[in-house]
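One-letter residues, chain by chain:
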Amino acid sequence: MKTVVLVTGANSGIGLALCDRLLAEAAEGLLLCLACRNMQRARAARLSLLASHPSAQVDLLQLDTSSISSVISAAQEVKHKYDRLDYLYLNAGIMPNPKFDIKAFFRGLFSRYKTFLQTIFNVPYIILNTLISKILWTNICFCCCSDLSNPFCCSKIIAMFATGEGILTQWDGVTPDGLREVFATNLFGHFLLVRELEPVLCRPGETSQLIWTSSSNAHRSAFSLEDLQHQRGTQPYSSSKYASDLLSLALNTHYNKQGLYSSVICPGFVMTNLTYGILPTLPAFLWNLLLPIFWLIRVFTNTFTLTTHSGAEALLWLYKQRPETLDPYAKYHSLTSGLGNNYTQPRKVLQHHQ
Ligand SMILES: NC(=O)C1=CN([C@@H]2O[C@H](COP(=O)(O)OP(=O)(O)OC[C@H]3O[C@@H](n4cnc5c(N)ncnc54)[C@H](OP(=O)(O)O)[C@@H]3O)[C@@H](O)[C@H]2O)C=CC1
Ligand SMILES: CC(C)=CCC[C@@H](C)[C@H]1CC[C@H]2C3=C(CC[C@]12C)[C@@]1(C)CCC(=O)C[C@@H]1CC3
């Protein structure tokens, strides 16, 4: 009997890399279903997978997670075609029209200018302080750096690179169903899919796994139970990802006794269609020019996984785990060391009392 795996948003980026890695791991025993909104792109993805894994069984499913009717008919098709679903990767996601806020970026960077340099060059605090104070006394950046002795200054810069917090602006729309687009695509459509697929996910005596592609950009401050769809805020992506972390926890409470387990992963910062739009003046291939800078940043934060192959690390790692052994309060991070080695690390994301 083959292991049935369904991946949403499988035609590009991290989803496609995951499919490739799953097939490299276990092509023979796998029945892989690519769930995509655009069938032309889905067919192209299928062909590229079959080119490197000719013996693989790869099915296609039309699914637009932002549309209630599409989710319901896709779920019907799955239940009709397969009598089991072992893994459901909830990966499709959007961050509409993200823009890099250059002002906020430099404000964040230079307000901690001295501490940043201190870390990079590892110059003792006292020498650096004297030097920089003399050179930059009149520099406004220096004025901003009011708290040199604060060891969190540098970690704040690293956090800015790791999470993108405070340096991105986004946009959100409304779907024909009347839902906010980011909420519907990233969260609600997936939730509905899980509910609709209950009969094939919850089978007596067997386990199945739900695996959400969340983000380091998931912030509690962006999420409110009173405004689930994030109609009133400016961080819809962050809100939807935080909501997926919470939902995963709730699904565990609800479904574990029926053999269904849910986990969240964070792929790190990966260069994909989702991120290419962030620097709009830069065509996708020119992003590669930034690679040396990104490799340098990676020395300070192992969250710069950069490639889709590396970003899919935690997704693949979870595939190999027994779900009962996983920590529902953890987010599993794809990480890449300064030397380019990929690994997965659980990090506590939600405290029991939250
Ligand atoms: N790149 C990064 O740095 C990070 C990405 N992530 C998350 O990883 C996941 C994958 O994104 P990534 O690979 O980066 O970006 P991509 O844009 O390459 O992949 C997103 C996938 O989701 C699909 N998708 C979008 N909207 C819908 C929809 N309504 N219905 C069905 N499928 C849809 C896209 O299809 P189509 O090709 O038709 O647009 C595409 O296949 C997302 O959930 C994203 O939030 C999380 C953290 C960091
Ligand atoms: C040198 C230079 C021009 C740096 C700018 C880099 C930024 C464009 C990236 C730094 C951290 C990145 C990041 C994301 C987008 C691109 C950055 C802001 C995400 C927000 C993308 C979507 C996610 O889910 C999380 C990512 C966190 C890190």
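Residues numbered from 1 in each chain as written. Chains lettered and ligands numbered in written order. Predicted model: local features only at pLDDT ≥ 70, side-chain atom pairs only at ≥ 80, totals over all residues.

Section: the site of ligand 2
The environment of ligand 2 is made up of 15 residues, and the closest members are Gly164, Ser215, Asn217, Phe269 and Ile293. Its residues assigned to classes, the shell around ligand 2 comprises nine nonpolar, six polar and no charged. (Near = placed C-beta within 6 Å. Nonpolar A, V, L, I, M, F, W, Y, C, P; charged D, E, K, R; others polar.)

Remarks on the sheet that holds strand E7 (residues 208-213)
Here we have eight strands laid out as an open sheet, ordered E3-E2-E1-E4-E7-E8-E9-E10, and mixed in their pairing. Edge positions in the sheet fall to strand E3 (57-62) and strand E10 (342-348), since each has one partner strand and no second. When strand polarity is set aside, the average angle formed by the axes of neighbouring strands in this sheet is 25°. Against the sheet, helix H1 (residues 13-26) contacts strand E1 (3-8), strand E2 (30-36), strand E4 (87-90) and E7, and its axis sits at roughly 170° relative to E2. Here helix H2 (residues 39-52) sits on the sheet in contact with E2 and E3, set at roughly 170° to E3. (Pairing = 2+ DSSP bridges. Helix = DSSP H or I, 4+ residues; strand = E, 2+ residues; numbered from the N terminus. Axes fitted to C-alpha atoms, helices over the stretch in contact; angles between N-to-C directions. Contact = placed C-beta atoms within 7 Å.)

Quick look at the site of ligand 1
Among the 29 residues in the neighbourhood of ligand 1, the closest are listed as Gly9, Gly13, Gly93, Thr272 and Leu274. Elements supplying a minimum of two residues to the shell around ligand 1: H1 and helix H12 (273-276).

Considering unusual backbone geometry
Positive phi outside glycine occurs at Asn97, with the angle close to 45°. Assignment of secondary structure puts Asn97 in the loop between E4 and strand E5 (99-100). The backbone of Leu306 sits at a positive phi, close to 65°, despite the residue not being glycine. Note on placement: Leu306 falls in the loop between helix H13 (291-300) and helix H14 (308-311). Judged by C-beta crowding, with 22 C-beta atoms within 10 Å, Leu306 ranks as buried. (Buried ≥ 20, exposed ≤ 12 C-beta atoms within 10 Å, placed from the backbone.)

Here we look at the nonpolar core
Among the nonpolar cores identified, the biggest contains 75 residues, and Leu18, Cys19, Leu32, Leu34, Ala35, Leu88 and Leu315 are the most heavily contacted of them. If we ignore the near neighbours within four places in the chain, the residues touching Leu88 are Leu6, Val194, Leu197, Leu201 and Leu210. (Core = buried A, V, L, I, M, F, W, Y, C linked by C-beta atoms within 7 Å.)

Considerations on the packing of H1 against H2
At their nearest, the axes of H1 and H2 sit 10 Å apart, and the two run at 30° to each other. Considering their axes alone, H1 and H2 lie roughly parallel with respect to each other. Relative to H2, the crossing made by H1 is right-handed. Together, Leu16, Cys19, Asp20 and Leu23 of H1 and Ala45, Leu49 and Ser52 of H2 make up the contact between the two elements. Of the residues contributing to the contact of H1 with H2, the split by class is five nonpolar, one polar and one charged. (Parallel < 35°, antiparallel > 145°, perpendicular 65-115°, else oblique. Left-handed = near helix turned anticlockwise from the far one by under 90°.)

Structural notes on the pairing of E2
Of all the seven residues making up E2, six are buried; the element is thus mostly covered by neighbouring parts of the structure. Strand direction decides the pairing type here: E1 and E2, joined by six bridges, are parallel. If you follow Val4 over to E2, its bridge partner there is Leu31. In this fold, the crossover linking E1 to E2 by way of H1 has right-handed handedness. In terms of strand pairing, E2 meets E3 through six bridges, oriented parallel. Its bridge partner being in E3, Cys33 is matched across the sheet by Asp59. (Right-handed = clockwise from strand over helix to strand, strands pointing away.)

Section: the pairing of E4
Residues in a regular strand project their side chains so that they alternate between the two faces of the sheet. Residues Tyr87 and Tyr89 line one face of E4 and the alternating positions Leu88 and Leu90 line the opposite face, and both faces are buried. Inspection of the sheet shows E1 paired to E4 by three bridges, in the parallel sense. Among the inter-strand pairings, Val7 is bridged to a residue of E4, identified as Tyr89.

Observations concerning the environment of Ser215
In this fold, Ser215 is placed in the loop between E7 and helix H11 (236-255). When the 27 C-beta atoms within 10 Å are taken as the criterion, Ser215 is described as buried. Distance from Ser215 to Leu61, taken between C-alpha atoms, is 25 Å for residues 154 residues apart in sequence.

Considering the packing of helix H9 (residues 181-196) against H11
Put simply, H9 and H11 touch, their axes get as near as 8 Å, and they point 20° apart. One element, H9, and the other, H11, form an angle in the roughly parallel class. Read as a crossing pair, H9 and H11 show a hand that is right-handed. Contacts between H9 and H11 involve Val182, Phe183, Asn186, Leu187, Phe191 and Val194 from the first element and Pro236, Tyr237, Ser240, Lys241, Ala243, Ser244, Leu247 and Leu251 from the second.

Focus on the confidence of the model for the chain
Across the chain, the average pLDDT comes to 87, with 84% of residues at 70 or higher. Prediction confidence for the complex, expressed as pTM and ipTM, is 0.89 and 0.98 respectively. (pLDDT = per-residue confidence, 0-100.)

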